[in-house]
Amino acid sequence: MLTRLYRITLLLLLSIPVYSQSKSITTMMQQKQVNSTCLSIGKKLSSVTFNECLELNLSPSQHHSVKHNSLLLKEYPPLLKRRQPQAKILMLGGIHGDEYSSVTIMFKWMSILEKYHSGLFHWKIAPLVNPDGLLQKKSRRINANGVDLNRNFPNNGDPKASLEYWKNRAYSDVRRYPGPAPTSEPETQWIVELIKEFKPDAIVAVHAPYGIVDYDGPPQPPSHLGPLYLKLLGTYPGSLGNYAGLQQEIPVVTIELPYAGIMPSNQEVGRIWVDMVRWLRKNIPQKVKSNEL
Ligand SMILES: [Zn+2]
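Residues numbered from 1 in each chain as written. Predicted model: local features only at pLDDT ≥ 70, side-chain atom pairs only at ≥ 80, totals over all residues. Heavy atoms only, no water.

*Asks:* Give a description of the state of the cysteines that names residues and reports values.
*Replies:* Counting across every chain of the model gives one disulfide. Note that C38 is cross-linked by a disulfide to C53, the S-S spacing being 2.0 Å. Its torsion about the S-S bond being -70 degrees, the disulfide of C38 and C53 is classed as left-handed. Taken together, the positions of C38 in helix α1 (residues 2-44) and C53 in helix α2 (residues 50-55) put the pair 15 residues apart, joining distant regions of the chain. The exposure class of C53 is buried, given its relative accessible area of 0%. (Disulfide = S-S within 2.5 Å. Helix = DSSP H or I, 4+ residues; strand = E, 2+ residues; numbered from the N terminus. Buried < 20%, exposed > 50% of the residue type's maximum accessible area, 1.4 Å probe, protein only.)

In structure tokens form, the structure reads like this:
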């Protein structure tokens, strides 16, 4: 009996360093992934430096792109147990890899949150949803499988809607290929899972270059955010606005910056941010749905 007890104790003692060692190896590997992605982002984007990216302490999600780039996430969690945030907000940049400004602005807004996160909202930010599209010599809208991620979301259980829609349009082009089936792509699977787990009260997705604000879902859209005015573009099968906004009734604010390769001025970046937070504060979550009145 004593011998058995001795063996168990010995095993437990031995297992502690092995566990903490494997944990630290995992942490080191994760940090290596973040460093490598930050290095590539710093080389690609003129307005985001390697150090700027690194200092944000982005976390690698458990998901990877087609080319095994780490899909990075930053969380600004609730700050006080007694004060619950007003709402959970998910922000997405770089869904299209050739829209540089949509990634850069995420870094600018994260640096604002680094200083001023008050706990009013619980934020999750994916600054670069499509790293394979951005981080190559000639950046592309589509991912490494040639799929437009903003056409690859689920369609109310209809697996063929996006492909049929794409095939039937004369203007359909390879840059808007929705993939063989909804959520065929790892990057889209990641966002769908994130939405299911995090259950955001609103989603802000940034694109370029139409210079407007688009909106899907309840309640009333913002009339403008900084210099960008509301213009409803409608949705496509497989788009995020269709999936989250229309099918799940999660408000989706789509910010279309005016240029893909030129950032708005610092003042405009700040004005869009202030107007967006003001609108979220006033409207999200919608307290009573219109059909419940
Ligand atoms: Zn886009």
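Having put the structure on the table, let's press on.
*Asks:* Describe helix α3 (residues 100-116), with residues and values.
*Replies:* When the terminal C-alpha atoms of α3 are compared, their 25 Å separation across 17 residues agrees well with the 24 Å that a helix rising 1.5 Å per residue should span. Of all the residues in α3, the buried ones are S101, S102, V103, T104, I105, M106, F107, W109, M110 and L113. (Expected span 1.5 Å × (residues − 1).)

*Asks:* Give me the lowdown on the coordination of the zinc ion, citing residues and values where you can.
*Replies:* Each protein donor to the zinc ion is listed here as H96 (ND1), E99 (OE), E99 (OE) and H207 (ND1); together their distances run 2.0 to 2.3 Å. Between the four donor atoms coordinating the zinc ion, the angles at the centre fall across 57 to 150 degrees, so the site counts as irregular. Written as a sequence motif, the donor arrangement for the zinc ion is H-x2-E-x107-H. Within this pair, whereas H96 is found in the loop between β3 (87-92) and α3, its partner H207 is found in strand β5 (residues 202-207), the two being separated by 111 residues in sequence. On the basis of relative accessible area, H96 is assigned to the buried category, the value being 3%. With relative accessibility at 5%, the residue H207 sits in the buried group. (Donors = N, O, S within 2.8 Å, 3.2 Å for Na, K, Ca; no water. Tetrahedral: all angles 85-135°; square planar, octahedral: opposite > 155°, others 65-115°.)

*Asks:* Any chance you could break down the sheet that holds strand β7 (residues 224-225) for me, citing the residues and the numbers?
*Replies:* Note on sheets: strands pair through backbone hydrogen bonds, and any given pair is parallel or antiparallel. Taken in spatial order, the nine strands line up as β1-β2-β4-β3-β5-β9-β6-β8-β7 in an open sheet, and their pairing is mixed. The open sheet has two free edges, formed respectively by β1 (59-64) and β7, since each of these has just one partner strand. As paired elements, β3 and strand β4 (residues 121-126) share six bridges and run parallel to each other. Residue pairing across strands places I89 opposite W123, the latter belonging to β4. Strand contacts of helix α8 (residues 266-283): β3, β4, β5, β6 (212-216), β7, β8 (228-230) and β9 (252-256), with the helix running at about 130 degrees to β4, the strand carrying the most contacts. (Pairing = 2+ DSSP bridges. Contact = heavy atoms within 4.5 Å. Axes fitted to C-alpha atoms, helices over the stretch in contact; angles between N-to-C directions.)

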